[in-house]
Amino acid sequence: MRMAPVIPVLVIEDAAHAAPIAAALVAGGLPVLEVTLRTAAALDVIREMKRVPGAIVGAGTVLNPHALDDALEAGSEFIVSPGLTESLAKAAIAAGAPLLPGIANASDVMRGLDLGLDRFKFFPAEANGGIAALKAIAAPFGMARFCPTGGITQSSAANWLALDAVLCCGGSWLVGAGKDGAGPDLAAIEAAARSAAALAR
Ligand code: 3PG
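Cut-off values and rules
- Residues numbered from 1 in each chain as written.
- Predicted model: local features only at pLDDT ≥ 70, side-chain atom pairs only at ≥ 80, totals over all residues.
- Heavy atoms only, no water.
- Helix = DSSP H or I, 4+ residues; strand = E, 2+ residues; numbered from the N terminus.
- Rg over C-alpha atoms; globule rule 2.2 N^0.38 Å.
- Buried < 20%, exposed > 50% of the residue type's maximum accessible area, 1.4 Å probe, protein only.
- Contact = heavy atoms within 4.5 Å.
- Near = heavy atom within 4 Å.
- Polar contact = N/O pair within 3.5 Å; in protein donor to acceptor, adjacent residues only side chain to side chain.
- Nonpolar A, V, L, I, M, F, W, Y, C, P; charged D, E, K, R; others polar.
- Arc of directions from axis to C-beta.

Q: So what exactly am I meant to see when it comes to the overall build of the protein chain here?
A: Helices and strands together make up the secondary structure of the protein chain, namely eight helices and eight strands. Taken over the C-alpha trace, the protein chain has a radius of gyration of 16 Å; the compact-globule value for 201 residues is 17 Å, and the two agree within 12%. Its C-alpha atoms put the protein chain at 45 × 35 × 25 Å along the principal axes. Within the span of the protein chain, comprising 201 residues, buried residues form 48% of the whole. Counting contacts in the protein chain only where the partners sit at least 6 residues apart, residues at least 24 apart contribute 60% of the total.

Q: What exactly am I supposed to notice about the site of the ligand here?
A: The full set of residues close to the ligand is Val 9, Arg 38, Lys 121, Phe 123, Thr 149, Gly 150, Gly 151, Gly 171 and Ser 172. Between Gly 151 and the ligand, the recorded distance is 2.6 Å, taken from a backbone N or O atom to an oxygen atom. Grouping the amino acids of the shell around the ligand by side-chain chemistry returns two nonpolar, five polar and two charged.

Q: Before we go on, may I ask you to explain the environment of Ala 193 in this structure?
A: In this fold, Ala 193 is placed in helix α8 (residues 186-197). Separated by 185 residues in the primary sequence, Ala 193 and Pro 8 have C-alpha atoms spaced 8.5 Å apart. Contacts of Ala 193, omitting those with residues within four sequence positions, involve Ala 24, Leu 25, Gly 28, Leu 30 and Leu 174.

Q: Looking at this structure, I do not really get helix α6 (residues 130-138). What am I missing?
A: Every α-helical turn comprises 3.6 residues, leaving residues that sit three or four positions apart pointing alike. Those residues of α6 that sit buried are Gly 130, Ala 133, Leu 134, Ile 137 and Ala 138. Considered in projection along α6, the buried side chains sweep an arc of 120° and stay on one side of the axis. Along α6, the residues that are exposed and aim more than 90 degrees away from the buried face are Ala 132, Lys 135 and Ala 136. Buried residues belonging to α6 abut β5 (99-103), α5 (106-114), β6 (119-122), β7 (145-148) and α7 (154-161).

Written out as structure tokens, the structure reads:
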């Protein structure tokens, strides 16, 4: 969470695009990459991205211990989930896998702290009340730190990063869908990464 101000949230359909996209993001200054398990290719994407020097590759949208096992077997170095369940948290802790579970309210944070976790994804960040909501939720939990994700953009990220409780932001804005038939626009991805990496914390 401290390695870069932004973690790109990646939804990649074609494993052939994985290494070039990862290389563009790393070159732009964003080495920490969250590959969501939302496509059939996701586990292959993780394997491909791990071959890129400097890339630190984790799995996102990890919903249960079975998906955790798959993600770890593919080489994921960290795990992100949209929510916090006891079964996933206990399995990740047992496996020694860094887990960033989603929280949306104070009760979620308390369940996470009970499980021994103190780093959380605030999700969905904008729809769940935005900066004012996270400020209020974080206030009682001095030990907790957050990665807001969901609806954040290059222009809003700076305001989130200004919060003491925020170590980084997540977002899918860095990698566009790519034009029909064409591969990913690697120059645009690297430029977007460079702008995001320059955000102050
Ligand atoms: C996630 O999976 O964390 C979010 O869907 C990313 O949200 P965004 O697409 O609004 O950045």
